[in-house]
Amino acid sequence: ERAPVALPLRDPFLSPGMLPQKMYTEVRTVQQNRYPLGLVAASSAAAGALAALVAAVAIHGSAPWLFEPFGHATPAVAFAPAVTTCSRASGSGLKFGPSRAEEVLGELNAGEVKAVAKWFSAKFGATGTRNASKDCLWIAGPSAVELLIPPKTDAVAYLEGKGPKPPRFARVTAVGPAGVDEYRVGPLEGDAMAAGGTAKLLTSKGDIPYVKRPTENSADAFIGDGLLNQTLKIMEPVLVASFGNVFTQLAGFDPREGSVDEIFRNDALGPAGQRSDILIFQWFPPAPVRPEAAWLHPLPLNIKLNTTSSDPAQWTVTAIWFCGQGPFKSAAELMEAHKHGDIRICPFLRETGTWDVPQRVTPKDPSGRPVETDSGIAWGPWNFTVTQRPSTGVALLDVRFRGERILYELSLQDAFAAYSGNEKTQFFYSDAAWSLSQLSASLEPGVDCPEGAHYLPVTNWFHILPGGTAVADPTNPREFYPVCVFEWIEDHTIWRHMQNSNPPDVRGLVRKTVVVRSIATVGNYDYITDIKLREDGEIEVKTRFAGFIEARHFDPKFNPEETNFSTIIRPDLAGPVHSHLVNWKADFDIAGVRSNAFQTTKVKAGPLKNSKFAGTQEPMISKYLERDYVEREGIGKSTFVAAPQHPTAWTVVDRHATSAAGNPRGYAIALASWSNTQVLPDDHPFTLAVPLTKYHLAITKHHDGEYRSSSPYVQYDGTETVKNPQDLDRFLSDGEAILDEDIVAWIGVGREHIVRQEDLPVVSNFGAGFSLVPWNFFMQNVAASPPWQA
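Residues numbered from 1 in each chain as written. Predicted model: local features only at pLDDT ≥ 70, side-chain atom pairs only at ≥ 80, totals over all residues. Heavy atoms only, no water.

Caption draft 1: Region of the structure containing the overall build of the protein. The helix and strand inventory of the protein stands at 11 helices and 36 strands. Sorting the 790 residues of the protein into buried and exposed places 58% on the buried side. Expressed as a percentage of contacts within the protein between residues at least 6 apart in sequence, the contacts between residues at least 24 apart total 67%. (Helix = DSSP H or I, 4+ residues; strand = E, 2+ residues; numbered from the N terminus. Buried < 20%, exposed > 50% of the residue type's maximum accessible area, 1.4 Å probe, protein only. Contact = heavy atoms within 4.5 Å.)

Caption draft 2: Fine view of the sheet that holds strand β11 (residues 316–322). Strands sit in the order β8-β9-β10-β11-β12 across an open sheet of 5 strands; the sheet is antiparallel. At either end of the open sheet lies a strand with only one pairing partner, and these are β8 (259–267) and β12 (325–328). Averaged over all pairs of adjacent strands, the angle between their axes in this sheet comes to 20°, without regard to strand direction. Across 2 bridges, the pairing between β11 and β12 is antiparallel. (Pairing = 2+ DSSP bridges. Axes fitted to C-alpha atoms, helices over the stretch in contact; angles between N-to-C directions.)

Caption draft 3: Representation of the pairing of strand β18 (residues 454–460) in the model. Burial analysis of β18 places 6 of its 7 residues in the buried class, which makes it a mostly covered element. As judged from the 6 bridges shared by β18 and strand β21 (residues 478–499), these two strands associate in the antiparallel manner. In the sheet register, Val 458 faces β21, and the bridge partner there is Phe 480.

Caption draft 4: How the structure looks around the sheet that holds strand β25 (residues 552–553). Pairing is antiparallel in the open sheet, where 3 strands are placed in the order β25-β27-β26. Two strands close off the open sheet at either side, each with one partner strand: β25 and β26 (566–570).

Caption draft 5: Fine view of helix α4 (residues 152–159). Buried within α4 we find Lys 152, Ala 155, Val 156, Tyr 158 and Leu 159. With its buried residues spanning 160° around the axis, α4 presents them on a single face. Where α4 is buried, its residues contact α2 (100–105), β15 (393–401), β16 (404–419) and β28 (578–588). (Arc of directions from axis to C-beta.)

Caption draft 6: Fine view of the state of the cysteines. This model, assessed by the stated rule, comprises 2 disulfides. Through a disulfide, Cys 323 is tied to Cys 346; the S-S separation comes to 1.9 Å. Judged by the torsion about the S-S bond (-60°), the Cys 323/Cys 346 disulfide is left-handed. In this pair, Cys 323 sits in the loop between β11 and β12 while Cys 346 sits in the loop between α8 (331–339) and β13 (376–379), placing the two residues 23 residues apart along the sequence. Here Cys 449 connects covalently by a disulfide to Cys 484, the sulfurs 2.1 Å from one another. Its torsion about the S-S bond being -95°, the disulfide of Cys 449 and Cys 484 is classed as left-handed. Of this pair, Cys 449 sits in the loop between α9 (431–434) and β18 while Cys 484 sits in strand β21; the two residues are 35 residues apart in sequence, bridging distant segments of the chain. (Disulfide = S-S within 2.5 Å.)

Caption draft 7: Expanded view of the pattern of salt bridges. On inspection of all chains with the given rule, the structure shows 39 salt bridges. Between Lys 205 and Asp 181 there is a salt bridge, and its shortest N-O distance comes to 2.5 Å. Taken as a pair, Lys 205 in the loop between β7 (192–201) and α5 (219–223) and Asp 181 in strand β6 (residues 179–189) lie far apart in primary sequence, 24 residues in all. Residue class for Asp 181 comes out buried when judged on its relative accessible area of 7%. Linked through salt bridges whose partners overlap, the residues forming this network are Glu 490, Arg 511, Lys 532, Arg 534, Glu 538 and Glu 540. (Salt bridge = Lys/Arg side-chain N within 4 Å of Asp/Glu carboxyl O.)

Caption draft 8: Representation of the packing of aromatic side chains. Scanning all chains against the criterion turns up 25 aromatic pairs. Between the aromatic rings of Phe 243 and Phe 247, the centroid separation amounts to 6.3 Å while the plane-to-plane angle is 50°, which identifies the pairing as tilted. When its relative accessible area of 1% is taken as the criterion, Phe 247 is described as buried. Linked through ring pairs, Phe 243, Phe 247, Trp 283, Phe 322 and Phe 348 together constitute an aromatic cluster. (Phe/Tyr/Trp six-rings, centres within 6.5 Å; stacked < 30°, edge-to-face > 60°.)

Caption draft 9: Structural detail: the packing of helix α6 (residues 225–234) against helix α7 (residues 236–243). Contact geometry of α6 with α7 gives a least axis separation of 5 Å together with a crossing angle of 75°. The angle between α6 and α7 places the two elements in the roughly perpendicular class. Every residue of α7 that contacts α6 at Leu 232, Lys 233 and Ile 234 is listed here: Glu 236, Pro 237 and Leu 239. Here the residues of the contact of α6 with α7 are counted per class, giving 4 nonpolar, no polar and 2 charged. (Parallel < 35°, antiparallel > 145°, perpendicular 65-115°, else oblique. Nonpolar A, V, L, I, M, F, W, Y, C, P; charged D, E, K, R; others polar.)

Written out as structure tokens, the structure reads:
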């Protein structure tokens with residue numbers, strides 16, 4: 001099938017001393033890495049051999065990997081535009097079609113999720129949604145039913161047409177009284193379980209304690225309603241006196257005064273082995289004010305529940321804070337204090353207006369969403385596949401530039417938000433543990449995506465209810481459209497220069513790009529993520545933070561210390577400082593080669609030997625470059641935080657593919673804006689729970705079992721961990737060799753959000769990002785002067 005193509009042509013991009021031994025006898029193998037043959041077209045001496053190669057490819061079909069837009073083993077002319085095998089053109093440069101990456105790495109569709117969930121439920125007696133039974137076994141969390149990613153070796157062999165298609169399996173997460181278990185379920189055939197399908201445990205009993213079970217968006221809240229209602233009824237005199245007739249659980253409720261609802265917030269600061277939730281309360285103004293205004297009307301009321309037991313009948317109230325007073329161990333203790341005059345009633349202003357809901361909006365485009373059924377994409381020099389994981393969000397797979405794989409995977413991993421406060425008000429969210437996909441809505445044409453955008457289907461089993469809560473049930477999934485893809489002409493050029501002549505001559509090239517946009521809403525915040533693939537080989541990734549702040553009530557008489565943690569944005573409203581830290585996974589295969597190295601190039605300054613400043617005895621100082629390869633992974637060895645006083649280029653390279661100038665082919669990881677990391681100490685429970693927040697970059701050796709940088713179990717019992725967790729510090733801890741290995745870059749960017757008055761009613765979108773930039777990957781700027789067009 002892959003007969004060698006004789007090509008008696010020296011590679012002009014190898015060092016001269018290697019030329020006699022580097023005659024081409026085969027187009028390309030992983031072991032014989034080369035600069036791309038496309039670049040050879042720039043050499044007039046190569047013209048005859050190039051024609052021979054094209055003819056040979058056309059006859060033998062022996063180099064299908066040179067240009068397979070979607071990884072199919074379909075012969076293609078080596079230097080033709082990458083448009084073969086596409087099933088549908090978009091009317092622009094975008095083309096969509098089936099891909100091998102979609103077949104083996106694409107997330108489970110709704111039919112597959114339903115088939116797995118129904119089969120698992122029937123086999124084990126599990127439910128899709130938790131109930132109040134102490135013996136309940138349910139399919140749980142944002143990763144309840146997701147793709148079990150096949151071994152990379154098997155997947156790559158299939159992508160390159162060198163191996164069979166790996167079977168599709170699901171990873172199922174189930175919770176029962178004994179704890180959390182993960183299963184391999186399958187194989188799948190189409191949208192059904194294959195005959196003879198099985199379920200195999202991936203974890204051992206006890207690996208994941210019951211208290212670490214995944215976040216349930218509303219099941220725990222519904223189950224805890226009885227305990228909450230009982231507590232509120234005991235507190236009725238002080239609640240009505242402070243807040244009015246706004247509690248639906250109390251007899252005097254008056255909808256004309258609005259209503260109050262509660263949100264379960266994870267407590268990561270509790271003692272080891274205990275799971276607690278803190279209920280926060282918000283006032284919803286009466287109609288016609290939009291319910292989202294509630295984010296800016298927090299009540300000074302918190303109730304802490306111990307939800308450790310698998311029997312909800314054993315759940316208890318352990319602390320109540322009211323108007324800055326407490327904690328009280330129970331509602332009865334609070335009311336006893338009130339009886340003796342020891343409780344102060346705090347005024348709560350139920351004021352609404354233009355300040356708490358946006359007044360200006362862009363109208364939606366009524367023409368609808370053009371939906372693509374295939375997620376393989378070809379645009380200009382790029383080919384890639386888009387998918388979206390149910391917990392971690394958007395991912396690009398098998399990313400190729402002119403047929404050469406740059407990335408096996410580029411995927412969002414988590415979004416971390418840590419809020420300031422004292423022992424009762426400090427908290428954090430791992431939004432992948434809530435879901436960076438399923439709490440969202442389909443993107444709106446004209447608002448989220450421009451005219452001409454194309455929308456991709458994603459599976460969702462979270463069903464949003466009135467009031468904003470959601471019920472999760474993987475036995476009843478559906479499709480929605482939280483991802484769009486579109487071409488874009490940016491507001492600047494990719495290159496520009498003015499020739500100094502009379503008259504001056506200005507030339508440049510407008511920057512064109514293809515944009516993959518995914519928007520994930522998690523409660524009050526929206527994460528707007530853009531991945532831009534450009535004609536010069538750059539990939540830019542940026543996440544913008546949008547939506548409502550999560551505010552706290554302020555009264556200088558009751559909680560004056562709030563000024564230490566927050567900006568007071570209205571007389572009764574505080575905006576606590578908090579972080580937005582996002583993490584990405586970049587699994588590089590430089591030009592399809594898995595054996596890569598990580599190099600740092602530092603800019604330093606120091607004295608020059610035998611050189612002095614003119615007229616002095618002081619040594620001449622100059623900048624210089626210091627290059628090093630990182631040989632082993634480890635904290636402090638293969639982890640990095642950018643510092644402006646120590647500029648450094650971080651590059652993933654193939655040391656065995658060098659240019660005539662001696663530079664290895666590679667890609668650089670470059671922060672695109674100022675970005676902070678975790679400001680809390682390393683031993684803080686929030687940092688221990690999500691250690692990825694400590695770094696801008698960490699490099700590890702690839703392992704199939706190290707597939708995400710944090711797990712969906714991190715939100716509770718922050719000082720304890722699970723056995724063999726998905727945890728970046730664990731990946732780093734074994735100090736494996738990473739020189740000339742298959743390596744993964746874990747990239748972290750973010751901002752501290754110091755709240756300002758202009759964050760009312762909603763935040764003006766801001767964000768952080770990074771770029772993956774060709775670093776001696778090409779012989780020149782291929783957007784300015786494409787060699788294959790010479």
